[in-house]
Amino acid sequence: MPDTPKSFQEIILRLQSYWASKGCAIMQPYDMEVGAGTFHPATTLRSLGSKPWAAAYVQPSRRPTDGRYGENPNRLQHYYQYQVLIKPSPPDLQALYLGSLEAIGIDMALHDIRFVEDDWESPTLGAWGLGWEVWCDGMEVSQFTYFQQVGGHDCHPVSGELTYGLERLAMFVLGIDHVMEMPFNDPSAPIPLTYGDVFRQTEEEYSRHNFDAATTDQLFRHFEDAEAECQRLLEEPAEDPKTGKRIVMAHPAYDQCIKASHLFNLLDARGVISVTERQAYIGRVRALAKLCADAFVQTGAGGWTAEAPAA
Amino acid sequence: MPDLLLELFSEEIPARMQARAAADLKRLVTDGLVEAGLTYASAGAFATPRRLVLTLEGLTGESPTTREERRGPRTDAPEKAIEGFLRGAGVRMDQLEVRPDKKGDVYFAVIERAGRPAAEIIAEVVPQVIRTFPWPKSMRWGAGSLRWVRPLHSILCLLSDEAGSQVVPFDVDGIAAGDTTEGHRFMAPGRFSVTTFADYEAKLKRAKVILRAEERAEHIRHDAEQMAFANGLELVSDAGLLAEVAGLVEWPVVLMGEIGADFMGLPPEVLQTSMREHQKFFSVKNPKNGRIERFVTVANRETTDHGATILAGNQKVLSARLSDAKFFWENDLRVAKAGMADWLDALASVTFERRLGSVADKIARVAALAREIALMVGADPDQAETAARIAKADLHSEMVYEFPELQGVMGRYYALQAGHPPEVAAVAEEHYQPLGPSDAVPTAPLSVAVALADKIDTLTGFWAIDEKPTGSKDPYALRRAALGIIRIVLAEHRRMRLDRFIDAQLLRHKIELSRPKVGDDVIDTLEEILSEVAERGVFGAAFKAVTDRLKERGEDPAEALRTVGDLVPDLSTDLLAFFHDRLKVHLRDEGIRHDVIDAALSKPPVDDLALVVARARALSAFLATPEAENLVQGYRRAANILHQAEEKDGVEYRFGADPKFAETDEERRLFSALSEAEAAIIPALGAEDFAGAMSRMADLRAPIDAFFEAVQVNAENAVVRRNRLNLLHRIVETCGAVADLSRLEG
């Protein structure tokens with residue numbers, strides 16, 4: 001039984017080495033603003049098509065409406081998710097997952113772990129799956145999902161996805177009541193830093209920005225631009241006129257879809273989208289996600305071959 | 001006679017699906033086996049979070065041999081017909097027999113099916129059931145194509161008898177049936193083999209799994225109650241939560257914890273809802289002060305520290321949850337203490353229904369109608385209007401946003417904080433009642449006024465936009481609303497005419513719906529009619545009064561007015577018929593036949609539901625008495641003869657039956673019996689004592705019987721005949737005074 005970790009970063013490092021030891025490619029965060037680890041192309045796009053895949057990574061995630069100026073003990077507009085995606089889902093995925101909890105110092109003999117029904121759905125990604133939220137002593141510590149559909153495509157084979165809310169999980173393991181008080185590095189380090197030392201100021205700055213300062217006209221315009229660009233990139237013929245190669249621009253187009261999604265979240269936080277409009281915006285992002293999924297399965301990574309083009 | 005044991009072991013099955021899945025497994029497997037010719041003595045099905053289990057006792061070892069003869073076409077039939085027959089019967093040409101028949105030789109197929117061993121049949125039926133199992137939602141996993149509620153890991157399938165037990169060999173998508181299972185995920189990991197159902201259940205228990213859901217639930221209930229009792233407290237029982245929690249654990253361990261003192265100031269409904277919805281905790285209440293002071297959580301394992309770590313974790317999560325609730329409560333209190341104006345303003349931008357406007361629009365309509373109803377139920381109109389205006393304010397509170405099921409409950413607390421008297425505050429909660437068939441109905445006059453107004457507004461609104469319930473579709477719960485009105489009216493025998501309220505509210509809807517389409521002058525006229533309705537109580541009279549006034553002024557009733565003039569009465573009649581249908585359904589549960597209600601509905605006013613029901617109940621009680629049958633027959637006979645005579649003669653025999661033209665004693669006796677009965681019946685009717693009136697009618701049974709026995713109605717003498725027909729009319733009139741008996745069936 002591993003000992004209790006001392007800091008936020010130690011928990012992340014242990015998860016990284018645990019999933020590396022189980023054969024996952026340890027990837028780095030995607031370099032764009034996203035609402036959750038699922039948006040990383042290593043999950044969204046790689047869960048499509050027939051090629052096997054196994055990846056784990058930390059993804060900084062932004063939810064502008066959750067900003068609380070760094071004052072709420074549990075809520076942040078910027079936080080970290082740990083994400084694991086394995087395709088096809090291995091038969092012992094539950095056991096692998098429980099092993100990861102042990103690796104970060106949760107003693108299975110003392111705690112009560114439960115798999116409670118929770119069907120996952122992402123209206124913006126046109127994705128859904130069945131699974132559970134995992135409870136540890138009554139607290140939700142992870143989401144566990146078997147993807148059934150992504151971007152409107154049936155998943156075949158099915159990917160198993162694990163998402164850990166890192167701050168919440170770390171606070172639980174370290175016994176911390178306020179996120180800002182959580183040790184970020186080892187408390188006995190020459191320069192000990194808390195989560196608050198690292199993020200309190202940015203939570204304030206972004207809360208002000210997200211709720212009051214972001215220019216909404218510009219955000220609306222950028223949304224339109226991202227939407228148009230995504231569509232335009234995917235309308236280009238598959239054959240690149242310069243190289244003569246088949247190059248479908250699924251990823252660059254998907255970047256625009258991610259952008260549109262984040263711009264929508266910002267507009268939502270600014271309170272300028274009415275209840276009825278909300279559904280329409282979500283529908284527009286979903287339409288982009290579907291286009292990108294359609295494009296990805298026409299690429300090599302998505303299972304396309306010249307001999308047997310994907311359906 | 002072997003026994004069958006089947007276990008389908010998977011990852012965690014959602015609690016809400018388990019009981020139904022166990023029942024489906026039993027039904028589908030037994031149906032399949034019986035169809036294949038097997039029988040069994042008894043069956044049982046069970047579910048835990050990780051397994052579905054079926055046990056069958058006394059299964060037949062093999063299916064019987066069957067022999068079926070099928071008659072085919074004649075031997076000289078076209079080749080196609082013979083081929084078709086061969087295909088249908090599944091036999092070859094050389095297996096057919098030729099038998100002579102009346103019209104020539106005919107082919108016969110004799111199909112013999114040998115009996116098959118049970119194992120072979122099970123190995124066909126079970127995989128088929130697994131592949132087509134009716135989960136409400138199912139999924140694929142890995143690279144396979146099998147669907148199950150969550151990944152299926154193993155199948156245990158054994159046939160056992162005195163000689164021992166044997167695996168039934170089959171395979172579903174690579175999962176081969178075997179004789180092993182697993183115990184508790186954490187407390188007893190590892191697989192073990194079993195032989196029989198008794199062995200299986202005993203070994204599971206040793207491996208920390210209680211197979212039976214009701215045993216797990218009983219264990220939880222017992223321990224929770226004992227723990228509460230030992231602390232001088234009591235468990236708040238919650239059957240739904242108990243069933244759910246029993247489906248989340250294989251080895252329930254009950255733990256009780258404290259709710260922080262910080263949160264004791266929250267309303268008990270908030271504590272209970274937050275704990276149940278978010279954490280699946282039971283509430284534990286102090287019987288002395290009614291406050292919820294502790295919680296019970298159910299863990300899925302024993303630990304060396306006796307649950308101390310688990311309880312501490314749960315307590316921490318609860319504190320975070322209740323901190324949120326407290327935050328909502330405190331924010332809400334600020335708005336409430338300021339009079340709730342912020343919420344009421346905000347409700348103008350919350351849509352009730354696209355065409356019927358905002359929640360604020362609805363509140364305004366309900367407030368207007370509540371004033372009118374108040375007078376009929378003994379409430380103060382001003383108070384009723386105030387109560388209606390604030391009753392839905394909490395819909396915009398943070399607490400109700402978080403917990404929609406607390407609507408009304410919070411409204412009551414907030415209205416009190418806003419300084420309203422308790423009877424006004426109570427309306428916030430009670431105007432939604434009754435929520436279901438077993439929910440209480442409001443009885444306080446203010447609550448009755450607003451509850452009726454709210455429901456009538458909903459019904460008339462959806463009638464006005466033609467969104468009535470059809471078949472099984474009733475998305476706006478309009479049947480429930482109508483039944484709610486019926487129950488409120490009947491609960492306290494509230495006498496009121498619904499028509500005027502329905503008309504007024506339909507008109508209010510029509511005004512709002514027409515506002516964007518017509519000129520101000522039309523709206524003014526409509527509002528004039530509305531105030532007339534409030535005054536006169538009848539739409540027709542009000543409409544006429546206003547149109548007459550317009551004509552006097554030399555104005556022509558506008559097109560829109562003509563529309564309203566036609567539509568409102570039609571909708572109103574249709575809606576009242578809907579009420580009568582719901583009334584029949586409601587009274588059917590009381591044992592009152594629909595034809596009895598039809599008979600009661602033949603006497604106006606039919607929009608006074610309490611009166612209609614009083615008639616129906618009196619008639620229904622009367623029909624159970626020995627006099628009833630003859631009296632109803634006598635009534636029918638009188639009505640038939642009278643009807644035929646009137647038809648034939650082209651006149652109505654209604655008045656002037658005179659004893660002086662009576663020729664027989666029976667006639668004279670009937671005259672005097674009718675007079676006596678009428679003398680009692682008329683005041684009884686005036687007092688709405690329908691049972692009393694009907695019992696007096698029963699006294700007429702003997703004289704009516706005697707009359708028909710001795711007297712020929714269609715006498716030769718025209719005067720005598722007319723007199724007798726007029727007498728028949730008196731019978732019909734008197735016996736039909738409570739309800740039209742000719743509507744009765746049979």
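That block above? That's the structure.
About the cut-offs
Residues numbered from 1 in each chain as written. Chains lettered and ligands numbered in written order. Predicted model: local features only at pLDDT ≥ 70, side-chain atom pairs only at ≥ 80, totals over all residues. Heavy atoms only, no water. Pairing = 2+ DSSP bridges. Helix = DSSP H or I, 4+ residues; strand = E, 2+ residues; numbered from the N terminus. Contact = heavy atoms within 4.5 Å. Axes fitted to C-alpha atoms, helices over the stretch in contact; angles between N-to-C directions. 1 Å grid on protein atoms, 1.4 Å probe; cavity = no way out; pocket = protein on both sides within 12 Å on 5 of 7 lines; lining within 4 Å. Points joined across faces, edges and corners; volume = space filled by probe spheres on them. Nonpolar A, V, L, I, M, F, W, Y, C, P; charged D, E, K, R; others polar. Domains from an automatic or database assignment. Patch = residues over 30% accessible without salt bridge, like charges linked within 9 Å, V, L, I, M, F, W, Y side chains within 5 Å. Areas by Shrake-Rupley, 256 points an atom, 1.4 Å probe, with all protein chains shown as cover. Salt bridge = Lys/Arg side-chain N within 4 Å of Asp/Glu carboxyl O. Parallel < 35°, antiparallel > 145°, perpendicular 65-115°, else oblique. Left-handed = near helix turned anticlockwise from the far one by under 90°. Phe/Tyr/Trp six-rings, centres within 6.5 Å; stacked < 30°, edge-to-face > 60°. Buried < 20%, exposed > 50% of the residue type's maximum accessible area, 1.4 Å probe, protein only. Lys NZ or Arg CZ within 6 Å of the ring centre and 35° of its normal. Polar contact = N/O pair within 3.5 Å; in protein donor to acceptor, adjacent residues only side chain to side chain. Buried area = accessible area lost by both parts, 1.4 Å probe. Core = buried A, V, L, I, M, F, W, Y, C linked by side-chain atoms within 4.5 Å. Disulfide = S-S within 2.5 Å.

Visitor: When you look at the sheet that holds strand β15 (residues 282-285) of chain B in this model, what are you seeing that I'm missing?
Guide: Hydrogen bonds between backbone atoms are what pair the strands of a sheet, whose relative direction is either parallel or antiparallel. Residue and element names in this part refer to chain B. Taken together, the four strands give an open sheet; going across it, the order is β13-β15-β16-β14, and neighbouring strands pair in antiparallel fashion. Strands at the two margins of the open sheet, each flanked by one partner only, are β13 (234-235) and β14 (253-258). One ladder, built from four bridges, connects β15 with strand β16 (residues 292-299); its direction is antiparallel. Residue pairing in the sheet places Phe 282 in a bridge with Val 296 of β16. With respect to the sheet, helix α7 (residues 268-279) is in contact with β15 and β16, its orientation differing from that of β16 by roughly 10°.

Visitor: Even after reading the chapter, I still don't get the layout of surface pockets, so can you show me in this structure?
Guide: Over the atoms a probe the size of a water molecule is rolled, and this reveals where empty space is left. Residues and elements named next belong to chain B. The space that makes up the second largest pocket amounts to roughly 900 Å³. What lines the second largest pocket is a set of 32 residues, and nearest its centre among them are Lys 392, Gln 407, Tyr 432, Leu 435 and Arg 480. For the lining of the second largest pocket, the secondary-structure elements that each account for two or more residues are α7, β17 (351-353), α10 (359-377), α15 (445-464) and α16 (478-491). Classifying every residue of the lining of the second largest pocket by side-chain character gives 14 nonpolar, seven polar and eleven charged. Each of domain 3 (213-316) and domain 4 (343-588) gives at least three residues to the lining of the second largest pocket.

Visitor: When you look at a nonpolar patch on the surface in this model, what are you seeing that I'm missing?
Guide: A contiguous nonpolar surface patch, about 250 Å² in accessible area, is contributed by Ile 191, Leu 193 and Val 198 of chain A. Looking at where Leu 193 of chain A falls in the secondary structure, it is placed in the loop between α4 (166-174) and α5 (195-213).

Visitor: Honestly, the packing of α10 of chain B against α15 of chain B in this entry has me stumped. Any pointers?
Guide: The packing of two helices is summarised by the inter-axis angle and the distance between the axes. All names here are of chain B. Where α10 contacts α15, the axes come no closer than 8 Å and their chain directions differ by 130°. As far as their axial angle goes, α15 and α10 are oblique. Crossing angle aside, the handedness with which α10 passes α15 is right-handed. Only Pro 445, Val 448, Ala 449, Val 450, Leu 452, Ala 453, Asp 454, Ile 456, Asp 457 and Thr 458 of α15 make contact with α10, whose side of the interface consists of Lys 362, Arg 365, Val 366, Leu 369, Ala 370, Ile 373, Ala 374 and Val 377.

Visitor: Help me understand the packing of aromatic side chains, please; the structure alone is not making it clear to me.
Guide: Pairs of aromatic rings are described using the distance from one ring centre to the other and the angle between the two planes. Applying the stated criterion to the full structure yields 35 aromatic pairs over all chains. Look at Phe 281 of chain B and Phe 295 of chain B: their rings are 4.5 Å apart centre to centre, the planes differ by 10°, and that puts the pair in the stacked class. In this pair, Phe 281 of chain B is assigned in the loop between α7 and β15 and Phe 295 of chain B in strand β16, connecting sequence segments 14 residues apart. Taking the relative accessible area as the measure of exposure, Phe 295 of chain B reaches 0% and is therefore buried. Positioned above the aromatic ring of Tyr 206 of chain A, the side-chain terminus of Arg 62 of chain A is 5.1 Å from the ring centre.

Visitor: Whenever I open this one, unusual backbone geometry confuses me. Can you help?
Guide: Glycine aside, residues mostly have negative phi, and peptide bonds are mostly found in the trans state. All names here are of chain B. For the bond running from Gln 433 to Pro 434, omega is -5°, close enough to zero to count as cis. Along the polypeptide, Pro 434 turns up in the loop between α14 (422-430) and α15. With an omega dihedral of 0°, the bond running from Pro 604 to Pro 605 counts as a cis peptide bond. With respect to the element layout, Pro 605 can be found in the loop between α21 (594-600) and α22 (609-623). Positioned with a positive phi, Lys 208 is a non-glycine residue whose angle comes to about 65°. Mapped onto the secondary structure, Lys 208 falls in the loop between α4 (197-206) and α5 (213-230).

Visitor: What am I meant to see in the environment of Thr 163 of chain A here?
Guide: Residues and elements named next belong to chain A. One can find Thr 163 in strand β9 (residues 160-165). Look at Thr 163 and you get buried, because its relative accessible area is 9%. When the C-alpha atoms of Thr 163 and Val 84 are compared, they prove to be 6.6 Å apart, with 79 residues separating the residues in sequence. Apart from residues lying up to four places away in sequence, Thr 163 is in contact with Gln 81, Tyr 82, Gln 83, Val 141, Ser 142 and Gln 143. Side chain to side chain, Thr 163 and Gln 83 meet in a polar contact 2.9 Å long.

Visitor: When you look at the side chain of His 184 of chain B in this model, what are you seeing that I'm missing?
Guide: Relative to the assigned elements, His 184 of chain B resides in the loop between β11 (180-182) and β12 (191-193). Under the relative-accessibility criterion, His 184 of chain B is labelled buried at 1%.

Visitor: What should I look at first to understand empty space enclosed by the protein in this one?
Guide: Evaluated as defined, the whole model comprises six cavities of 30 Å³ or more. A volume near 150 Å³ is recorded for the largest cavity. Phe 115 of chain A together with Glu 12, Pro 49, Leu 248 and Asn 300 of chain B are the residues nearest the centre of the largest cavity, which is lined by 17 residues in total. Residues belonging to the lining of the largest cavity are distributed by class as follows: eight nonpolar, three polar and six charged. Residue contributions to the lining of the largest cavity reach at least three from each of two domains, namely domain 1 (3-62 + 117-206) and domain 3 (213-316) of chain B. Looking at the second largest cavity, its volume works out to about 90 Å³. Along the wall of the second largest cavity there are 13 residues; nearest its centre are Arg 114 and Trp 135 of chain A together with Gln 279, Thr 297 and Val 298 of chain B.

Visitor: Where do I start with the interface of chain B and chain A in this structure?
Guide: Counting residues at the interface gives 41 residues for chain B, matched by 35 residues for chain A. Between chain B and chain A, the buried area comes to about 3,000 Å², and carbon and sulfur atoms account for 52% of it. Broken down residue by residue, the surface that chain B buries against chain A is led by Arg 140, Arg 150 and Phe 186 of chain B, which jointly contribute 20%. On the surface where chain B and chain A come into contact, there are four salt bridges. The residue Glu 117 of chain A makes a salt bridge to Arg 16 of chain B at a minimum N-O spacing of 2.6 Å. At the junction of chain B and chain A, the tally comes to 19 residue pairs in polar contact (both at pLDDT 80 or more). Secondary structure elements with two or more residues in the side of chain B that touches chain A: α1 (15-35), α7, β16 and α8 (308-337) of chain B.

Visitor: Looking at this structure, how should I read the sheet that holds strand β5 (residues 97-101) of chain B?
Guide: All names here are of chain B. Strand order in this open sheet of three strands is β4-β6-β5, and the pairing throughout is antiparallel. The two strands at the open ends of the sheet, each matched to only one other strand, are β4 (66-74) and β5. Ignoring strand direction, the axes of neighbouring strands in this sheet form an average angle of 35°. Strands β4 and β6 (104-113) of the sheet are contacted by helix α2 (residues 79-89), whose axis makes an angle of about 170° with β4.

Visitor: For this particular structure, what's the right way to read the packing of helix α6 (residues 216-235) of chain A against helix α7 (residues 250-269) of chain A?
Guide: Residues and elements named next belong to chain A. Where α6 meets α7, the closest approach of the two axes is 8 Å, and the angle between their N-to-C directions is 160°. The angle between α6 and α7 falls in the class roughly antiparallel. The chirality of how α6 crosses α7 is left-handed. Contact residues: Thr 216, Leu 219, Phe 220, His 222, Phe 223, Ala 226, Glu 229, Cys 230, Leu 233 and Leu 234 in α6; Ala 250, Pro 252, Ala 253, Gln 256, Cys 257, Lys 259, Ala 260, Leu 263, Phe 264, Leu 266 and Leu 267 in α7. The residue makeup of the contact of α6 with α7, split by class, is 16 nonpolar, three polar and two charged.

Visitor: Can you help me understand the nonpolar core in this one?
Guide: The nonpolar side chains of a soluble globular protein tend to be buried, and buried together. Judged by nonpolar contacts, the single largest core of 157 residues is most densely connected at Ile 259, Ile 373, Met 399, Tyr 414, Leu 459, Phe 579 and Leu 728 of chain B. Counting residues in each nonpolar core, the second largest holds 92 residues, with Ile 86, Met 108 and Ile 176 of chain A together with Trp 148 of chain B among its members.

Visitor: What should I look at first to understand the state of the cysteines in this one?
Guide: What we call a disulfide is simply a covalent bond connecting the sulfur atoms of a pair of cysteines. By the definition in use, this model includes zero disulfides over all chains. Not engaged in a disulfide, the cysteine Cys 257 of chain A finds its nearest cysteine sulfur in Cys 292 of chain A; these two sulfurs lie 4.9 Å apart.

Visitor: I tried to follow helix α25 (residues 690-698) of chain B on my own but got confused; where do I start?
Guide: Along an α-helix, residues three or four positions apart point the same way, because every turn accommodates 3.6 residues. What α25 of chain B keeps buried is the set Phe 690, Gly 692, Ala 693, Met 694, Met 697 and Ala 698 of chain B. Tucked inside the fold, the buried residues of α25 of chain B contact α22, α23 (627-649), α24 (665-686), α26 (701-710) and α27 (718-735) of chain B.

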